[in-house]
Amino acid sequence: MESTTDTLAEDADIDAPAVSLRGWSLSGKQGDVFTDIDLEVPTGAVAVVRGPAGSGKTSFLLSLAGRMKVSAGEGRLGDLDIRKQARKVRGQVAVGHIGGLTDLEDDFTVAQHVAERQIMLQPWYKPWASKSTLREVIGLFRDAFTTATELIDDLPPGTFSKQDAQRADFLIDDNGEVFVSELSELQKFFLEFGLASLSRPPVVVIDNIDYLRESADRARAWAGILIYQQLRRSRDPEDLLTVIVSCEDSSELDIATRSLGSRAEPSIVDLELPPHPPAHRGSKH
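What comes next concerns the included structure. (Residues numbered from 1 in each chain as written. Predicted model: local features only at pLDDT ≥ 70, side-chain atom pairs only at ≥ 80, totals over all residues. Heavy atoms only, no water.)

Brief notes about the sheet that holds strand E2 (residues 17-28)
Inclusion rule: We call two strands paired when DSSP finds no fewer than two bridges between them. Helix and strand assignments come from DSSP, with helices taken as H or I runs of at least 4 residues and strands as E runs of at least 2, each series counted from the N terminus.
Spatial strand order, E3-E2-E5-E6: 4 strands in an open sheet with antiparallel pairing. The outermost strands of the open sheet, each flanked by one partner alone, are strand E3 (31-42) and strand E6 (80-81). When strand E5 (residues 72-77) meets E6, the two strands line up antiparallel, connected through 2 bridges. What sits directly across from Arg76, in E6, is Asp81.

Shown next, in the form of structure tokens:
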């Protein structure tokens, strides 16, 4: 199974791929989860893994992130061998959203989630996050969304609006004291993405963006990913972000790329996973 690459950025300035797979396969007790995948994702690109429910998308992302062992194949994350150096790979791939793994706590505030993640990134002898640190981190999030708002404001009428950007801005107060239970699904998406990006990882994986039920929200989510990628590219061209997203339908990505135009020109890599054949009658489950 091979991927197709639609390079929207003619001036893609990256030589080494972020992810390279050959014959990547995973089998379980009930058969193949995915088989013989060849994939090359340029650094700084957006890779879209499409497939129906049950096609193995989540397992595939977890295998790329060094969190699930495959059965066969070769895989590299930059200079790392994914199969042999899984621990180091886990330090390079942040998980933006995987249901059951990155779920936010409704009873936590935004600041509490930021503090928890910040403490995880600090040395063991510093198990706390000061209010000034939290304000600084939340300020960085706010700057990113403020810049996104400015970009959106410059778009032609009829595309994304300032109101769209405001809907994505979950930072209702400077200290992040709003509870997760008060956030919209889109705001939760951006909080998860922001937390995953806090360590400035080379790669972020996001599973099942279709969990955002409204197509407009999915378009805004794709736009947010592209805008953040572009912001990071403009601020530090040597520290690009590669994002790998799974979904059943990626049509909203087309809406986002068309709407943002030259504001975000990612390389798009498309990988389609086929549905699994029906389980063999009499097989054990």
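A word on helix H3 (residues 110-121)
Short version of the rule: One less than the residue count of a helix, multiplied by 1.5 Å, gives the span that helix is expected to have. When accessible area is computed with a 1.4 Å probe and restricted to protein chains, residues below 20% of their type maximum are described as buried, those above 50% as exposed, and intermediate ones as partly exposed.
In this model, H3 (12 residues) spans 17 Å end to end at C-alpha, consistent with the 16 Å of a helix rising 1.5 Å per residue. All buried positions along H3 are accounted for by Val110, Ala111, His113, Val114, Ala115 and Gln118.

Some remarks on the nonpolar core
If you look at soluble globular proteins, the nonpolar side chains tend to sit buried side by side. Cut-off, in case you're wondering: The nonpolar core is taken to be a set of buried Ala, Val, Leu, Ile, Met, Phe, Trp, Tyr and Cys residues, with the residues joined through side-chain atoms within 4.5 Å. What makes two residues a contact is simply this: any of their non-hydrogen atoms within 4.5 Å.
Within the largest apolar cluster, 35 residues are counted, with the highest numbers of intra-cluster contacts made by Phe189, Ile206, Ile209, Trp222, Ile225 and Leu260. Elements represented by at least two residues in this core include exactly strand E4 (46-50), helix H4 (131-153), helix H6 (185-197), strand E8 (203-206), helix H7 (215-235), strand E9 (242-247) and helix H8 (251-260). Per element, the largest residue contribution to this core is 9 residues, and it comes from H7. When sequence neighbours within four positions are dropped, the list of residues in contact with Leu260 reads Leu155, Phe160, Ala223, Leu226 and Ile227. Formed by 32 residues, the second largest nonpolar core is a distinct cluster that contains Leu64, Ala65, Val89 and Ile244.

Some words on the side chain of Ser63
Under the convention used in this document: Contacts described as polar in this section are N or O atom pairs within 3.5 Å, which, within protein, must combine one atom able to donate a hydrogen with one able to accept it, while residues neighboring in sequence count only if both atoms come from side chains.
With respect to the helices and strands, Ser63 occurs in helix H1 (residues 57-64). For Ser63, the side chain forms a polar contact with the side chain of Trp24, separated by 2.9 Å. With sequence-adjacent residues up to four places away left out, Ser63 is seen in contact with Trp24, Phe34, Met68, Val70 and Ile82.

Here we look at the pairing of E8
What counts here: Think of it like this: strands point away, you trace from the first strand over the helix to the second, and a clockwise trace means the crossover is right-handed.
Going residue by residue along E8, you find Val203 and Val205 tucked away on one face and Val204 and Ile206 tucked away on the opposite face as well. Here 4 bridges tie strand E7 (residues 93-97) to E8, and the two strands are oriented parallel to one another. Following the sheet pairing, Val93 is matched in E8 by Val203. In terms of strand pairing, E8 meets E9 through 4 bridges, oriented parallel. Within the sheet, the bridge partner assigned to Ile206 lies in E9 and is Val245. This β-α-β element, E8 to H7 to E9, shows right-handed connectivity.

Regarding the pattern of salt bridges
Applied cut-off: Any Lys or Arg side-chain nitrogen located within 4 Å of an Asp or Glu carboxyl oxygen qualifies as a salt bridge.
Counted by the stated rule, this structure contains 9 salt bridges. A salt bridge links Arg50 to Glu272, with the nearest nitrogen and oxygen atoms 3.5 Å apart. Residue Arg50 is located in strand E4, and its partner Glu272 is located in strand E10 (residues 267-272); the two are separated by 222 residues in the primary sequence. The partner of Arg220 in a salt bridge is Asp217, with the nearest N and O atoms 3.1 Å apart. With a gap of 3 residues between them, Arg220 and Asp217 both fall in helix H7, about one helical turn apart. You can call Arg220 buried: its relative accessible area is 15%. Residue Asp217 is classed as buried on the basis of its relative accessible area of 9%. Shared partners join several salt bridges into a network, and the residues in it are Arg50, Asp270 and Glu272.

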